[in-house]
Amino acid sequence: QSQELSQVQIDYHAALQALVEDGTRMVCTGRMHTDRICRFESLCYSTEAEEFVFFHSNASVMLPNLGSRRFQPALLDLSSVEDHNTQYFNFVELPAAALKFMPKPVFVPDVALITNRFNPDNLMHVFHDDLLPIFYTMQQFPDLDLESRLFFMEGWSEGQHFDLYKLLSNKQPLLREQLKTLGRLLCFTKSYVGLSKITTWYQYGFVQPQGPKANILVSGNEIRQFTEFMMERLNVSLEESSGEEYIVVFSRTINRLILNEAELILALAQEFQMKTITVSIEDHSFSHIVRLISNASMLVSMHGAQLVMSLFLPRGTTVVELFPYAINPEHYTPYKTLATLPGMDLQYVSWQNTDRENTVTYPDRPWDQGGIAHLDKAEQERIIKSKEVPRHLCCRNPEWLFRVYQDTKIDIPSLIQVIRQTVKSKPGPKKQKWPSGLYPGKVRDAKCQASVQGTSEAKLSVSWQIPWNLKYLKVREVKYEVWIQEQGENTYMPYILSHQNHTFSENIKPFTIYLVWIRCIFNKNLLGPFADVLLCST
Ligand code: UDP
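Residue positions are given per chain, counted from 1 along the sequence in the order it is written. The predicted origin of the model limits local features to residues at a pLDDT of at least 70 and limits the giving and counting of side-chain atom pairs to 80 or more, whereas totals for whole chains, interfaces and linings rest on all residues. Excluded from the side-chain calculations are hydrogens and water; all other atoms, namely the structure's heavy atoms, are used.

**Student:** Help me understand the overall build of the protein in this model?
**Tutor:** In terms of regular secondary structure, the protein is built from twelve helices and 28 strands. A separation of at least 24 residues holds for 71% of the contacts in the protein among residues at least 6 apart in sequence. Accessible area of the protein: about 26500 Å², with a carbon and sulfur share of 51%. For the purpose of charge, His is not counted, nor are the chain termini; Lys and Arg are scored as positive and Asp and Glu as negative. Where a charge lies is defined by one atom per residue type: Lys uses NZ, Arg uses CZ, Asp uses CG and Glu uses CD. Distance between charge centres in the protein, computed from 53 positive and 58 negative side chains, equals 4 Å. Secondary structure elements follow DSSP: runs of H or I no shorter than four residues count as helices, runs of E no shorter than two count as strands, and numbering proceeds from the N terminus. Throughout, a contact is declared for two residues whenever any of their heavy atoms are within 4.5 Å. Per-residue and other accessible areas follow the Shrake-Rupley method at a 1.4 Å probe size, with only the shown protein chains counted as cover for residues.

So, in structure tokens, the structure goes:
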């Protein structure tokens, strides 16, 4: 029997019996609905009710058992977008005995990852909300391997980037609509529900104006491991940059156009003495775009979802983001945040059109392409006169849409000037350095010795050993920070020192107890942990 269970082909009667006897078993990680991922055995889905079903039996498990808090507001977020009220997951409960009266269950043998895509028609959302989170959710749970299957429950059709989702596992992902064709009651033998948010870096402005997430937890290293995986699956090899260096202009062909693209390309080629080529989602395959960007020296594009492709740029290269008139680059930073993630090693440059003469507006287009004809006259006039879109919430602010869908004639000299401020010499990939950004360990064997001179003067000599990991590292600059705090006081004297010992005499009183805190600092900003506090009595 145990042999049968290990086979992918399921023994139907055994599976049904297990479901009836054991019911559904759920164990989750996470303390809140926003950080929860649940693992299920025998989670079912009624394609008629469009509801997940938890079957109770004597052997069923539900952890956490939240009672009605499960609805406040939900058990978990099904997408990686935090606490979005269209993306909640829950199930309805039934006794396993009810199975007698229900359609015969159809079992899903593959290990399943059940989740929502957030906006599968927009490339930024595809990568940031779906592909990266799915990839790292799969890394978190070993049985979510290449033989597992993705189930997208948001209800959208495949969308134009479905091929990208297919790269994540060897099995065709299934959409909510397709489940109906499989049966009336589906039961997932083993499934994970939810998505890790650990790799996301941006919040889109549902509760406060958009901006970088408050607590970013991903670095360039994890981004690159993901892009390397994607390139392998796309059959794009990372060529050793033997060939000629070049600049990629990623253009949009439908809206938010660069009106003088030919002039821009010529100017870039001339200024940087490099071939300059254009690509667009409309005209090039995804693998072609990835192949080009992964060997480029610079990527230039209007603000827009296509800029998420800077994920694939080599280290040391440059992203140039162009903003239409009245759009403040500091207020819309998904691509700046990406380029400047720790260890991402990209140079980021933004340029904004500040010249009204060089912008083309489309007041008569539909509202979702920036039209404003539906607004009252006074509001239209205010928008047209305004020089900057005020901060706003997502997603239907007409002034924002009006401005972001403008076409722009780029003022070439001002653009070249801002790029030159950042890119001093020839742009291009930088050779991989010794891993940078490693933090010091604690200093070791800290000791102090006090000496008292008379009744009012004293000295404190403190010494310590280098952190253990330093002897294996190449570090440009090693410094030590020492805090001296009189016991019982809540202020302290801070010192930055270059050596492993120091005698303190300023403000040191005799017959006093001092707390001495020491930590190591690499390269000015890599602060290590404090060693255990040292007690010194003068
Ligand atoms: N898009 C494109 N060319 C265009 C207009 C849009 O490739 O001329 C792509 C864009 O990169 C994104 C999707 O179509 O993946 C939706 O674009 P939208 O303007 O709605 O979003 P944004 O780019 O502002 O995030």
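Picking up after the structure, the text goes on.
**Student:** Looking at this structure, I do not really get unusual backbone geometry. What am I missing?
**Tutor:** As a rule of thumb, non-glycine residues mostly have phi less than zero, and peptide bonds are mostly trans rather than cis. The omega angle of the peptide bond from L63 to P64 is 5°, so this bond is cis rather than trans. With respect to the secondary-structure elements, P64 resides in the loop between β4 (61-63) and β5 (76-77). The omega torsion across C394 and C395 is 0°, close enough to zero to call that bond cis. Structurally, the position occupied by C395 is in the loop between α10 (377-385) and α11 (398-404). The backbone of Q273 shows a phi angle near 55°, a positive value even though the residue is not glycine. Along the chain, the position of Q273 falls in the loop between α7 (261-272) and β15 (275-279). Burial status follows relative accessibility: with a 1.4 Å probe on protein chains alone, a residue under 20% of its type maximum counts as buried, one over 50% as exposed, and anything between as partly exposed. Its relative accessible area of 61% is what places Q273 among the exposed residues. One non-glycine residue with positive phi stands out, namely D445, at about 50°.

**Student:** Whenever I open this one, the sheet that holds strand β22 (residues 457-465) confuses me. Can you help?
**Tutor:** To summarise the sheet geometry, strands pair through backbone hydrogen bonds and adopt either a parallel or an antiparallel arrangement. Each pair of strands is called paired provided DSSP finds at least two bridges between the two strands. Across the sheet, three strands lie side by side as β21-β22-β25; this open sheet has antiparallel pairing. Among the strands making up the open sheet, the edge pair consists of β21 (444-453) and β25 (501-504). Sheet twist, expressed as the mean angle between neighbouring strand axes with direction ignored, is 15°. By the bridge criterion, eight bridges tie β21 to β22 in an arrangement that is antiparallel. Bridging from a neighbouring strand, S451 pairs with K459 of β22. Axes, fitted as lines to C-alpha atoms, cover a helix only where it is in contact. Angles between the N-to-C directions of the axes lie from 0 to 180 degrees.

**Student:** Mind showing me how you'd approach the sheet that holds β15 here?
**Tutor:** An order of β15-β14-β16-β17-β18 is seen for the five strands of this open sheet, with the pairing classed as parallel. Single-partner strands in this sheet number two, and they are β15 and β18 (347-352). Direction aside, neighbouring strands of the sheet carry axes that sit 20° apart on average. Bridge count for strand β14 (residues 246-250) against strand β16 (residues 298-302) is four bridges, and the pairing is parallel. Of the residues in β16, the one forming a bridge with F250 is S301. Where helix α8 (residues 286-293) meets the sheet, its contacts fall on β14, β15 and β16, and the angle it forms with β14 comes to roughly 140°.

**Student:** Can you walk me through the site of the ligand in this structure?
**Tutor:** Around the ligand sit 14 residues in total, of which R252, I254, E282, A305 and Y405 are the nearest. Residues adjacent in sequence count toward polar contacts only when both atoms are side-chain atoms; beyond that, a polar contact is any pair of N or O atoms within 3.5 Å, and within protein one must be able to donate a hydrogen and the other to accept it. The separation between an oxygen atom of the ligand and a polar side-chain atom of N122 is 2.9 Å. Interatomic distance of 2.7 Å between a side-chain N/O atom of R252 and an oxygen atom of the ligand. Alone, the ligand offers 500 Å² of accessible surface; in the complex the protein occludes 81% of this. Here the residues of the shell around the ligand sort into five nonpolar, five polar and four charged. Note on terminology: near, applied to a residue and a molecule or strand, indicates that one of the residue's heavy atoms is within 4 Å of it. Charged residues are taken to be Asp, Glu, Lys and Arg, nonpolar residues to be Ala, Val, Leu, Ile, Met, Phe, Trp, Tyr, Cys and Pro, and polar residues to be all remaining types, Gly included.

**Student:** Could you clarify how one ought to interpret the pattern of salt bridges in this entry?
**Tutor:** Within this document, salt bridges are pairs made up of a side-chain nitrogen of Lys or Arg and a carboxyl oxygen of Asp or Glu, the two lying within 4 Å of each other. The final tally for this structure, using the stated rule, is 25 salt bridges. Here K197 makes a salt bridge to D77, at a shortest N to O gap of 3.0 Å. Residue K197 is located in the loop between β11 (185-193) and β12 (202-203), and its partner D77 is located in strand β5; the two are separated by 120 residues in the primary sequence. Grouping residues by exposure puts K197 and D77 together as buried. For E330, the salt bridge identified is with K336, shortest N-O distance 3.5 Å.

**Student:** Where do I start with the packing of helix α3 (residues 123-140) against helix α6 (residues 220-233) in this structure?
**Tutor:** To describe two helices that pack against each other, one gives the angle between their axes and the distance between the axes. Packing of α3 against α6 leaves a shortest axis separation of 11 Å and a crossing angle of 85°. By the criterion of interaxial angle, the relationship of α3 to α6 is roughly perpendicular. Contacts between α3 and α6 involve F127, L131, L132, F135 and Y136 from the first element and E222, I223, Q225, F226, F229 and M230 from the second. Looking at the contact of α3 with α6 residue by residue, the class counts come to nine nonpolar, one polar and one charged. In what follows, roughly perpendicular refers to angles from 65 to 115 degrees, roughly parallel to angles under 35, roughly antiparallel to angles over 145, and oblique to any angle outside these ranges.

**Student:** Would you take a moment to explain the packing of aromatic side chains for this structure?
**Tutor:** One pair of aromatic rings is described through two measures. These are the centre distance and the angle between the planes. Stacked, edge-to-face and tilted are the three classes for Phe, Tyr and Trp ring pairs, Trp counted by its six-membered ring, which pair at centre distances within 6.5 Å; planes under 30 degrees apart are stacked, over 60 edge-to-face, the rest tilted. The tally for this structure, following the rule as stated, stands at 29 aromatic pairs. With a centroid separation of 5.5 Å and an interplanar angle of 65°, the aromatic rings of Y12 and F107 are classed as edge-to-face. Taken together, the residues Y12 in helix α2 (residues 12-22) and F107 in strand β8 (residues 106-115) connect sequence positions 95 residues apart. Between F40 and F91, the ring centres sit 6.3 Å apart and the planes meet at 90°, which makes this aromatic pair edge-to-face.

**Student:** Before we go on, may I ask you to explain the side chain of S80 in this structure?
**Tutor:** Assignment of secondary structure puts S80 in the loop between β5 and β6 (88-89). For S80, a relative accessible area of 5% puts it in the buried group. Only 2.7 Å separates the side chain of S80 from the backbone oxygen of D129, close enough to count as a polar contact. When residues no more than four places from it in sequence are discounted, the contact partners of S80 are H128, D129, P133, L195, S196, K197 and T200.

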